[in-house]
Structures are given as C-alpha cells and as structure tokens.
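Overview (structure and organization)
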Amino acid sequence: MASIAENGSTDHSDKRTKEERAIDEWLPITSDRNAKWWYSTMHNVTAMVGAGVLSLPYAMSEMGWGAGVTVMLLSWIITFYTIWQMVEMHEMIPGKRFDRYHELGQYAFGEKLGLWIVVPQQIVVEVSTCIIYMVTGGKSLKKFQEILFPHVKPIKLTYFILIFSSIEFVLSLLPNFNSISSVSFVAAILSMTYSIIAWTTSLKEHAIGKEIVSYGPRSDKSSDNVFMFLSALGNVAFAYAGHNVVLEIQATIPSTPEKPSKKAMWKGVLTAYIIVALCYFPVAFIGYWVFGNGVNDNILLTLHRSTWLIAAANIFVVAHVIGSYQVYAMPVFDMIETYAVKSLKYKPSTPLRVCVRAVFVAFTLFVGMTFPFFGGLMGFFGGFALAPTSYYLPCIIWLILKKPKRFGLSWCINWVCIIVGVLLTVISPIGGLWSIIKEARSYHFYQ
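Residues numbered from 1 in each chain as written. Predicted model: local features only at pLDDT ≥ 70, side-chain atom pairs only at ≥ 80, totals over all residues. Heavy atoms only, no water.

Going by an unreviewed UniProt entry, the protein carries the name Amino acid transporter transmembrane domain-containing protein and comes from Anisodus tanguticus. Database annotation for the protein, UniProt heading Sequence similarities (unreviewed entry): "Belongs to the amino acid/polyamine transporter 2 family. Amino acid/auxin permease (AAAP) (TC 2.A.18.2) subfamily." (UniProt positions renumbered as here; feature names shortened; annotations may be inferred.)

Written as structure tokens, this is what we have:
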C-alpha cells in the first residue's frame, strides 16, 4: 500500500521516523496539504496587490510617461515569466517537492551555498514587507480617523501602528497557511476593492477638478530627479513580490503523479496575475494622469472628494495588509520553528510557537514605529531584496537545473531577465536610501 511521503506525493516508501513525521505535521508549511487552486489565487493576490499598488502613481510621477509605462509593463511580463518557472520547478524531480524557496536554491547551488544565497534574501524580503505593512496599516488607520473625525485632536502615528500590531499578535497564532485562508480571501477581495476605489475616485476628482496638472520633472535639481527615478524602480519591484512565498503556497496543494500540484497552482497563479494587471495598471496610469506630480506616495492620501468612499478604502487597506502580513510572516515562522525543533531540538509546542511569533511581530512593530517612511522603505527594499528573488534568481536556478540550449530562446530570455534584475538590484536601493535620508531630516522619532 503506497503511503504519502514527506514530499506530499504518492510514494512507496516513507523513510522518516515517527518523530520526523510529527515535526513535519506541526510545521506551518508542511502541516496541511489540502488547498484548492483558488487558495493559490487568494494567497498570491493577497501577497502582491498590497501596499505596492498604492505607490505606483507616485512611482510613475518620478519616472514620467515613457519610462513609467515601459517599466510597469516589463516588470509584469518578467515576473509573470519567473513565477511560471518557480511553479514548474516545484516538482521537477519525480517524487520530490521543493516546498520552500531555500530548498530549491540548495538543490541548484548546493546544500550550504544554496542556503546562504536564498535564506538571507528571503528573510530580508519577508521581514521588510511585514515592516512596511505595519507602517501602511498604521497610516491608513490614521487617515481613516482624520477623515471621519477631522476635529479630534491629532493622534500620533505610533499609536495607530500599535493598534494595527495588536491584531497581528493575535492572528500570528494561527498555525499554517490553510488556517489563514479565510483571512487571505477577505484580504484579496478588499485589495481589489480599494484598487478600484483608488482609480475610479481619481477619475471623479478629475471630472470636477480644475487644477493644472504637471507631468514634468518633480524637482528643479537633476540629481534629485535621478535619485527619485531610481527609488521609483524599487517601488515597482516591491509591487511584484509574490515570488518569495510562491513555493510555500504551492506546498499546501496536494499532489499525485496523475494530478501534480503545478496544474492547480498554475491555474491559481494565472488568475492572480490577471487580477494584478487589472489592479496595477489602472491605479498607476489613471492616478498619474489625474494628479501628475501632485500625487502622494500613497494615492489614497491624495484623494479628497467622496469622503465616505475614501474612508472606506483606507479601512479596506488596513484589512488587506492584516492578511498580507500573515502571508509573508508564515514562511519566517516556518524557518524559525524548523530551526528550533530540528537543530536546537526544542519540543514542538504551543508555548514555543507563541514565543517565536510574538518576538517577530514585536520586532516588526519596533522598526515600523521607528522608521515609518512608506515610499523610501519600498524603494530601498524593493531593489535591494525583492528584485533578486522575483526578477532573476528563478532564472539563474532555471539555467542551472534545466540547462536550456545555449543562445536558444529560453537561454536568451533568462539572461535578459537576469541583466534587467541585476541592474535593478544595484541602482534602485540608492534612490530608496536617498528618499529615507531626505525624509529623516525633518522626522522626529515616534511622532
């Protein structure tokens, strides 16, 4: 009688001990493999259509029409291609599943080197994204309060970030990806909703507004415009960040030789990327067209009319990033808990889980309250960490494992993606760091 092996596929031998099976069933990524294809859609939409979409009009204003449209479309095409690669490579070895990004990296680069190449990048991506979502949640709550209660004495942003974090402390105790599926479903629906509100309300403001809109350079100084352009590249890279959790999401889908997980996963990813295009492009292009250089780094903070609708959109953002935070935090929880029980030999237990996750949420809370620079953080981390894992690391792994014909179509496409991704990684953090330094000059801690 065949048994279900560690990799989740039907196999005739499971060489794991009873203790090893118990550990795998306890860990967040491998504990539940009953997800459906639409779970993939929900998690991917929740992971991608987040804070990044709100900054796209601002990124467009820093790049201009020609470069902005080109970068937006090229990024969608490249990351769509690389996410397809990752879905295909999940079960490229018969009887084996690469349930975590670093496991695929270890197979391509070697046990130790692969771990050191992938894990630091993935941790930086997921931790930085959670920090940015702390800031996003707090700022959106503050905007919601200011819209509905304009005469109330201003409340510090720090307090709103604390309120947001209290929700994450509770939700972080959910054990695995499938347990947050309902949260992810609500988050995905709301992300589409506030994206629609953002561009439709922008159109409404354009119809009744008479302000002169400028599409020229944002600054009179050429050096400032260069730095802003570089930061904008990082903002766009941040918007396409779902790759960092795609293998972990696919790990929750059951797989058999007759119905491999990639079929259901690809169906979900394709649907998700169509939704991403329908959210990103209208928000980016219409938002910039309506406001030009007057757009804020969060477009919802730029809108003024239809007060109740803007207030609703901000609370939708809060609800969405609550779910997005959990999607990005879950792989980090898995890494830490795996190390604790497999290397440090701690017993899998609820107290261990509570301690690990509470410390993580507290850390992201502290950093988010200390450095609440929405646009600058996205520009810096978008290029520094998200670009490698989304734009070109999958291509490098594909070239190593699949070995396409030299100078053939696949080989050329992958090298183009690698070159674009490396350039993005090198130059865009410079602009993001410049933005953070500029904002920090007039910032008072815990304001």
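**What about the overall build of the protein?**
Secondary structure assignment for the protein yields 15 helices and 2 strands. The C-alpha radius of gyration computed for the protein amounts to 22 Å, which stays within 12% of the reference 22 Å derived for 447 residues, consistent with globular compactness. Along the first, second and third principal axes, the C-alpha set of the protein runs to 75 × 55 × 35 Å. With 447 residues in all, the protein has 58% of them scored as buried. Taking contacts inside the protein between residues at least 6 apart in sequence as the whole, the part at least 24 apart equals 84%. Carbon and sulfur atoms make up 69% of the accessible area of the protein, which totals about 18900 Å². (Helix = DSSP H or I, 4+ residues; strand = E, 2+ residues; numbered from the N terminus. Rg over C-alpha atoms; globule rule 2.2 N^0.38 Å. Buried < 20%, exposed > 50% of the residue type's maximum accessible area, 1.4 Å probe, protein only. Contact = heavy atoms within 4.5 Å. Areas by Shrake-Rupley, 256 points an atom, 1.4 Å probe, with all protein chains shown as cover.)

**Things to note about helix α1 (residues 18-26)**
Residues of α1 that are buried include every one of Ile-23, Asp-24 and Trp-26, and no others. Projected down its long axis, α1 carries its buried residues within an arc of 160 degrees, all on one side. α1 presents Lys-18 and Glu-25 as exposed residues on the side facing more than 90 degrees away from its buried surface. If you follow the buried residues of α1, they end up packed against α12 (307-343) and α13 (350-370). (Arc of directions from axis to C-beta.)

**So, the packing of helix α4 (residues 65-89) against helix α11 (residues 261-291)**
Axis separation between α4 and α11 bottoms out at 11 Å; the angle between their running directions is 170 degrees. The orientation of α4 relative to α11 falls into the category roughly antiparallel. (Axes fitted to C-alpha atoms, helices over the stretch in contact; angles between N-to-C directions. Parallel < 35°, antiparallel > 145°, perpendicular 65-115°, else oblique.)

**Here we look at the packing of helix α6 (residues 111-148) against α13**
Look at α6 against α13: their axes get within 8 Å of each other, and the N-to-C directions meet at 60 degrees. As summarised for this structure, α6 and α13 are arranged oblique, according to the angle between their axes. Every pair of crossing elements has a handedness; the one defined by α6 and α13 is right-handed. For the pair α6 and α13, the contacting residues are Val-127, Cys-130, Ile-131, Met-134 and Val-135 in the first and Phe-360, Val-361, Phe-363, Thr-364, Leu-365, Val-367 and Gly-368 in the second. Per-class residue counts for the contact of α6 with α13 are 10 nonpolar, 2 polar and no charged. (Left-handed = near helix turned anticlockwise from the far one by under 90°. Nonpolar A, V, L, I, M, F, W, Y, C, P; charged D, E, K, R; others polar.)

**Brief notes about the side chain of Thr-364**
Within the secondary structure, Thr-364 is located in helix α13. A relative accessible area of 0% means that Thr-364 is categorised as buried. At a separation of 2.6 Å, a polar atom in the side chain of Thr-364 contacts the side chain of Tyr-325. Apart from residues lying up to four places away in sequence, Thr-364 is in contact with Val-127, Cys-130, Ile-131, Met-134 and Tyr-325. (Polar contact = N/O pair within 3.5 Å; in protein donor to acceptor, adjacent residues only side chain to side chain.)

**Brief notes about a nonpolar patch on the surface**
On the surface, a nonpolar cluster with roughly 520 Å² of combined accessible area is contributed by Leu-148, Phe-149, Val-152, Ile-155, Tyr-159 and Leu-162. Along the chain, Leu-148 falls in helix α6. Note on Leu-148: relative accessible area 41%, which makes it partly exposed. (Patch = residues over 30% accessible without salt bridge, like charges linked within 9 Å, V, L, I, M, F, W, Y side chains within 5 Å. Salt bridge = Lys/Arg side-chain N within 4 Å of Asp/Glu carboxyl O.)

**Digging into helix α5 (residues 101-109)**
Taken across its 9 residues, α5 has 8 buried, putting it largely inside the fold. Residues of α5 that are buried: Tyr-101, His-102, Glu-103, Leu-104, Gly-105, Gln-106, Ala-108 and Phe-109.

**What about unusual backbone geometry?**
At Lys-345, a position not held by glycine, the phi torsion is positive, near 65 degrees. As for its placement among the helices and strands, Lys-345 is situated in the loop between α12 and α13. What makes Lys-345 exposed here is its relative accessible area of 65%. Within the chain, Lys-403 stands out as a residue other than glycine whose phi angle is a positive 50 degrees. The topology assignment puts Lys-403 in the loop between α14 (374-402) and α15 (409-440). Given a relative accessible area of 62%, Lys-403 falls into the exposed group.

**Details of the confidence of the model for the protein**
Here the protein averages 84 in pLDDT, and 90% of its residues register 70 or above. Contacts of residues 1-13 to residues separated by more than four positions or lying in other chains number 34 contacts, the stretch itself having pLDDT below 50. (pLDDT = per-residue confidence, 0-100.)

**Quick look at the packing of aromatic side chains**
Tallied over the entire structure, the rule returns 18 aromatic pairs. Centre to centre, the rings of Trp-65 and Tyr-215 are 5.9 Å apart; their planes meet at 55 degrees, and the pair counts as tilted. Of this pair, Trp-65 sits in helix α4 while Tyr-215 sits in the loop between α8 (181-208) and α9 (222-239); the two residues are 150 residues apart in sequence, bridging distant segments of the chain. For Trp-65, a relative accessible area of 33% puts it in the partly exposed group. Chaining the aromatic ring pairs together yields one cluster made of Trp-76, Phe-80, Trp-266 and Tyr-273. One cation-aromatic arrangement involves Arg-353 over Trp-26; the distance from NZ or CZ to the ring centre is 4.2 Å. One residue, Lys-402, lies across the ring of Trp-398, its end atom 5.2 Å from the ring centre. (Phe/Tyr/Trp six-rings, centres within 6.5 Å; stacked < 30°, edge-to-face > 60°. Lys NZ or Arg CZ within 6 Å of the ring centre and 35° of its normal.)

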